[in-house]
Amino acid sequence: MENICDYKNCKKIGQYKAPIEKDNSKKFRWLCLDHIKEFNQSWDYFKGMSNQEVCMFLKSDMTWHKPTQSFSSPSNYFNILWKNTLNGGEGILSNGYGEKIKTKINFSDRDREAFKIIELEVGTKWDKIQIKFKKLVKKYHPDMNAGNKKFEEKLKIVTLAYTQLKLAYKGKK
């Protein structure tokens, strides 16, 4: 079935979609070539918007109109992880005075898997784990990968592995 141009009394075949509203909805109408050209020349997405509204739209468009938080926001998930990383080494394998406690740690299968995820040998010293984790956070952070969900999921897995190791080292001191 062919669509008829939806422009006044036009009887030509409507082969081109034109939006009815500017809310990115699925609502559209069919127009012929002549009328789609006319429509495109007169179409102004920002018509009726103030300069401030246009600026807000363009700013929001940079993040695909999804809410974001600054990295320094106290409730930002990655900021919380980062602070935990920076503070995580204090006291984990020390006596509180900066002196390392020498212990033999028996790692569980989950701990061994966590080492594999973080790409370190089983039994790596805590300070090396922290350094590697910081590098991986930077590597897989969504801001460094244009919001790619694959990297976001990888970061979550790395974070869980780090948390597993943190608990392993903390529980064995």
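Above: the structure in question.
Residues numbered from 1 in each chain as written. Predicted model: local features only at pLDDT ≥ 70, side-chain atom pairs only at ≥ 80, totals over all residues. Heavy atoms only, no water.

Caption draft 1: The arrangement of the overall build of the chain in detail. Scanning the chain from N- to C-terminus turns up six helices and two strands. Per-residue burial over the chain gives 28% buried out of 173 residues. Counted over contacts in the chain with a minimum sequence separation of 6, partners at least 24 positions apart contribute 46%. Element-wise, carbon and sulfur atoms account for 54% of the exposed surface of the chain, whose accessible area totals about 12900 Å². (Helix = DSSP H or I, 4+ residues; strand = E, 2+ residues; numbered from the N terminus. Buried < 20%, exposed > 50% of the residue type's maximum accessible area, 1.4 Å probe, protein only. Contact = heavy atoms within 4.5 Å. Areas by Shrake-Rupley, 256 points an atom, 1.4 Å probe, with all protein chains shown as cover.)

Caption draft 2: Inspection of helix α4 (residues 109-117) at higher detail. Those residues of α4 that fall on the buried side of the exposure criterion are Asp 111, Ala 114 and Phe 115. Angularly, the buried residues of α4 cover 100° about the axis, an arc narrow enough to put them on a single face. Opposite the packed face of α4, turned more than 90 degrees from it, sit the exposed residues Asp 109, Arg 110 and Lys 116. With its phi angle positive at about 65°, Glu 119 sits one or two positions after the end of α4. (Arc of directions from axis to C-beta.)

Caption draft 3: Expanded view of the packing of aromatic side chains. In this structure the tally under the stated criterion is 10 aromatic pairs. Between Phe 28 and Trp 30, the ring centres sit 5.5 Å apart and the planes meet at 85°, which makes this aromatic pair edge-to-face. Residue classification places Phe 28 among the partly exposed positions, given a relative accessible area of 34%. A relative accessible area of 26% means that Trp 30 is categorised as partly exposed. Aromatic side chains Phe 107 and Phe 115 sit 5.1 Å apart centroid to centroid with 85° between the ring planes, which places their arrangement in the edge-to-face category. (Phe/Tyr/Trp six-rings, centres within 6.5 Å; stacked < 30°, edge-to-face > 60°.)

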